Amino acid sequence: MGVATLVSENIYMDVRHLKQLFPIKGGVMSRAIGHVHAVDDISFRIMEGETVGLVGESGCGKTTTGRTLLRLLEPTSGYSFVNPPAEVVKELDEIFSGLEDDSGSLLDGEISSTRLDEIAREYSIYGVKGKKLKQMRSSMQIVFQDPFASLDPRMLVKDIIAEPLVAHHAANKSDIAERVSSLITEVGLNQEHLYRFPHEFSGGQRQRICVARALALNPKFVVLDEPTSALDVSVQAQILNLLRRLQEKNEMTYLFISHHLSVIRAMCSRVLVMYLGKMVEIAETEELFLHPLHPYTQALVSAIPIPDPLLKRERIIIGGDVPSAASPPSGCRFRTRCEFAEDVCREKEPQLEEWNNTGHLVACHLVHRMDKRIINAAERASVYAGEHADARLHN
Amino acid sequence: MTDANSTMTVTEPEKVRRSPYSAIAPRLEQWRRQFYYFRKSPLAVAGLIITAFFAFLAIFSPLLTTGNPYQMAINPFATNLIPWFSSWRYPLGTTYFGVNLLPAMIKAARIDLAFSLAVVATGAFVGVMVGAFAGYYGGLFDDILMRVTDVFFSVPYIILAIAMIVVFTKSFKDVAGGIYTLLILSLIVIWWPTYARIVRGQVLSVRELKYVEAARASGAGALRVVFKHIIPNSMYPVFVQISLDVGTIVLLLANLDFINIGISNITQPEWGNLATYFNYAQVGLTLALQYPWTFIVPGMAILLYALGLNLLGDGIRDILDPRMRR
């Protein structure tokens, strides 16, 4: 499984304590009577040039995260620093750890929060306005899940692809035409396709058009919001190959949102696992598929179909439904469906912490306590687990 | 199997061979395809023919009529009317004051068409702007604009129009266009809220579509999003409403003429005005009924015009709304 090789040490995006709560309106004067915790206090980093996978079941906040990162939604609170230099990141670490433990004096807290505001104005996408926002926007693009809904049915393909260029006044007319025609070849379509309407194309072709539009401004960062889930398998492979080729060529960073774990495994160097608005596990792709630590990840990984009829694998099946995001469970959000849940899971919210100093981040009390049952389950859930019928014959 | 299929499905029009690098050809083909569905409905075609007929009359009225239909005043009194179909010179008869009905009707086509288009086009423009921006921005801005339209809806529209016309008649004596300007303005005032509501409802669904979000993500500002994506994709009920309203306006104008606050000018050929000449001649309704052609002829013109545009509107809806298509 090939994985993008251009990952550098530079942080492209440093997301801190991002929160996106949607008010539920009701009652007199339609006041907010509650909130849907779509994204609830998540922090993660995206390195330059890497492809980060974001997995989780429907409604866990994957898409909301992607949209909020591009500021298509204003977050309720939180920061997302774009291209912060290393020393700024270090400073941020200090500030946030200072803000978290209350031991520091009040004055310290005030100084650090003013400094935080300063940094946010400089680097956070939520702090900038006007021209700088437009400039930041031009370096970030999105490809949507449904290629049938994401192209304006009344525009010709050439106008659709040119739209970002026109909106940014990026070039004059002939330059735009030239850029559009080079883009359409880049995504594997012909010049004559420019003069057609979106409805004349198949799903895969439309997704290529969406990719061409996203690439028009030479973005540094592209959010791929389930770009292949509406396509059939052979076309999925074409689009994934196209995306990977373009990433290598243009040195882009991808956030790849999907619920399809095999696709994630093929595309991503790192994976973020979300459950009900929270990050539950962050790890290198192979590490995650080999040692899924969080009980939720274990269930996900054990459900990956392995194309081998002779392999006997155990499946970990989680019961019940996702709890309502409007009133999430106390403590660990997964405890209502977790077979290992104990009292501590209800009482205390687990933090995303390094497991065993490996760079494998996981938010689970029991894992950090090295609970035997979970470690066992991790072995059983791993993609390499299972007894091969052939092996038994040979012994 | 294939036979059964071919009888079941409507055969699509075959593709015209077109140059692959033309930006106009695909649009033409789209219209062609849409017209294909339009042609399937005989009523819609009838509507198109009737509307085209009136448009023809309106455009070529100076060529079709010679002289002034008002010059023929034979007798200023109501007693000496020539009935319809009794002379070649006056094919549809004359109405009061000896006005020759046929040329007057043809001259009136131009005024009626221009009048109804002026009202509906301006009303639709105002309504689309208000509705589109209210729907796109939402929130307090939306609330304010929609409450304003509600105020207009709360008064029965014809009463509001009558009130405005009665109050401002004197002030509009010296304005260019005179009574026409006043009538057009007051009808616009009562007409735009309908469009604002239709468009807002449409915009509320269109603005949530992914391509609108894609446009915002690619850096398009609010104006660009509204004019390039939202309005073009919310227009189909507006076109239907326009074609229906263009007919209705003439009907409404005839109502105003009937209660004597419309054009109120003997020398203006306008269908509603022509139908109500008995008012100027001080003839009571009972006596007027003895000369049925004097109001049947202009009445039929209004009826046909409104009917034609209604059928056309239904046809346009069938084209533009794929869900209605059979």
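Colleague: How should I be thinking about the pairing of strand S3 (residues 51-55) of chain A in this particular structure?
Modeller: On any regular strand, side chains alternate: one points to one face of the sheet, the next to the other face. Residues and elements named next belong to chain A. Within S3, 5 of the 5 residues are buried, which leaves it mostly tucked inside the rest of the structure. Alternating positions in S3 separate into two faces, Thr-51, Gly-53 and Val-55 on one and Val-52 and Leu-54 on the other, with burial throughout. Where S3 and strand S7 (residues 253-257) come together, 4 bridges link them in parallel fashion. Bridged to Gly-53 within S7 is Phe-256. Where S3 meets strand S8 (residues 270-275), 4 bridges bridge the pair, whose relative direction is parallel. Its bridge partner lying in S8, Leu-54 is registered against Leu-272.

Colleague: Can you walk me through helix H7 (residues 179-206) of chain B in this structure?
Modeller: Note that an α-helix has 3.6 residues per turn; residues three or four places apart therefore point the same way. Between its first and last C-alpha, H7(B) extends 40 Å over 28 residues, near the 40 Å set by a 1.5 Å rise per residue. The largest bend in H7(B) amounts to roughly 30 degrees and is located at B:Val189, with the proline B:Pro193 lying one to four residues further along.

Colleague: Looking at this structure, how should I read the pattern of salt bridges?
Modeller: Two side chains that carry opposite charge are able to pair once their charged atoms sit near each other. All chains considered together, the criterion is met by 32 salt bridges over all chains. When the shortest N-O distance is used, the salt bridge between B:Glu208 and B:Arg207 registers 3.3 Å. B:Glu208 gets classed as exposed once you look at its relative accessible area, which sits at 55%. Classification of B:Arg207 as partly exposed rests on a relative accessible area of 27%. Taken together, the shared-partner salt bridges connect A:Asp14, A:Arg16, A:Arg45 and A:Asp93 into one network.

Colleague: How do you make sense of the sheet that holds strand S11 (residues 353-354) of chain A when you look at a structure like this?
Modeller: By definition, the strands of a sheet pair up through backbone hydrogen bonds, in either a parallel or an antiparallel sense. Residues and elements named next belong to chain A. An order of S5-S6-S7-S3-S8-S9-S12-S11 is seen for the 8 strands of this open sheet, with the pairing classed as mixed. A single partner strand is all that each edge strand has here, and the edge strands are strand S5 (140-143) and S11. Where S11 meets strand S12 (residues 361-362), 2 bridges bridge the pair, whose relative direction is antiparallel. By the bridge assignment for S12, Glu-353 is matched with Val-362. Contacts from helix H8 (residues 233-250) reach S3, strand S6 (221-225) and S7, with the element oriented near 155 degrees to S7.

Colleague: Whenever I open this one, the interface of chain B and chain A confuses me. Can you help?
Modeller: Many analyses report the size of an interface as the accessible area lost when the parts associate. Of the residues lining the interface, 25 residues belong to chain B; the matching set on chain A comes to 32 residues. In total, chain B and chain A occlude about 2,600 Å² of area from one another, counting both sides; carbon and sulfur atoms represent 53% of this. For chain B, the biggest contributors to the area lost against chain A are B:Lys210, B:Ala217 and B:Ser218; these three give 20% of the whole. Put simply, chain B and chain A have 3 salt bridges between them. Its salt-bridge partner being A:Asp159, residue B:Arg27 comes within 3.9 Å of it at the nearest N-O pair.

Colleague: Even after reading the chapter, I still don't get the packing of aromatic side chains, so can you show me in this structure?
Modeller: Here a ring pair, both rings aromatic, is described through the centre-centre distance and the interplanar angle of the planes. Overall, the coordinates contain 19 aromatic pairs over all chains when judged by the stated rule. Both rings, one in A:Tyr79 and one in A:Phe81, keep their centres 5.6 Å apart while their planes meet at 10 degrees; by these two values the pair is stacked. Accessibility expressed as a relative area gives 0% for A:Phe81, which makes it buried. Taking the centre distance of 6.0 Å and the plane angle of 65 degrees together, the rings of A:Tyr79 and A:Phe96 count as edge-to-face. With A:Tyr79 in strand S4 (residues 77-82) and A:Phe96 in helix H2 (residues 86-100), this pair connects stretches of sequence that are 17 residues apart. Its relative accessible area of 6% is what places A:Phe96 among the buried residues. One cation-aromatic arrangement involves B:Arg197 over B:Phe153; the distance from NZ or CZ to the ring centre is 4.1 Å.

About the cut-offs
- Residues numbered from 1 in each chain as written.
- Chains lettered and ligands numbered in written order.
- Predicted model: local features only at pLDDT ≥ 70, side-chain atom pairs only at ≥ 80, totals over all residues.
- Heavy atoms only, no water.
- Buried < 20%, exposed > 50% of the residue type's maximum accessible area, 1.4 Å probe, protein only.
- Helix = DSSP H or I, 4+ residues; strand = E, 2+ residues; numbered from the N terminus.
- Pairing = 2+ DSSP bridges.
- Expected span 1.5 Å × (residues − 1).
- Bend = angle between axes of the 7 residues up to and from the residue.
- Salt bridge = Lys/Arg side-chain N within 4 Å of Asp/Glu carboxyl O.
- Contact = heavy atoms within 4.5 Å.
- Axes fitted to C-alpha atoms, helices over the stretch in contact; angles between N-to-C directions.
- Buried area = accessible area lost by both parts, 1.4 Å probe.
- Phe/Tyr/Trp six-rings, centres within 6.5 Å; stacked < 30°, edge-to-face > 60°.
- Lys NZ or Arg CZ within 6 Å of the ring centre and 35° of its normal.

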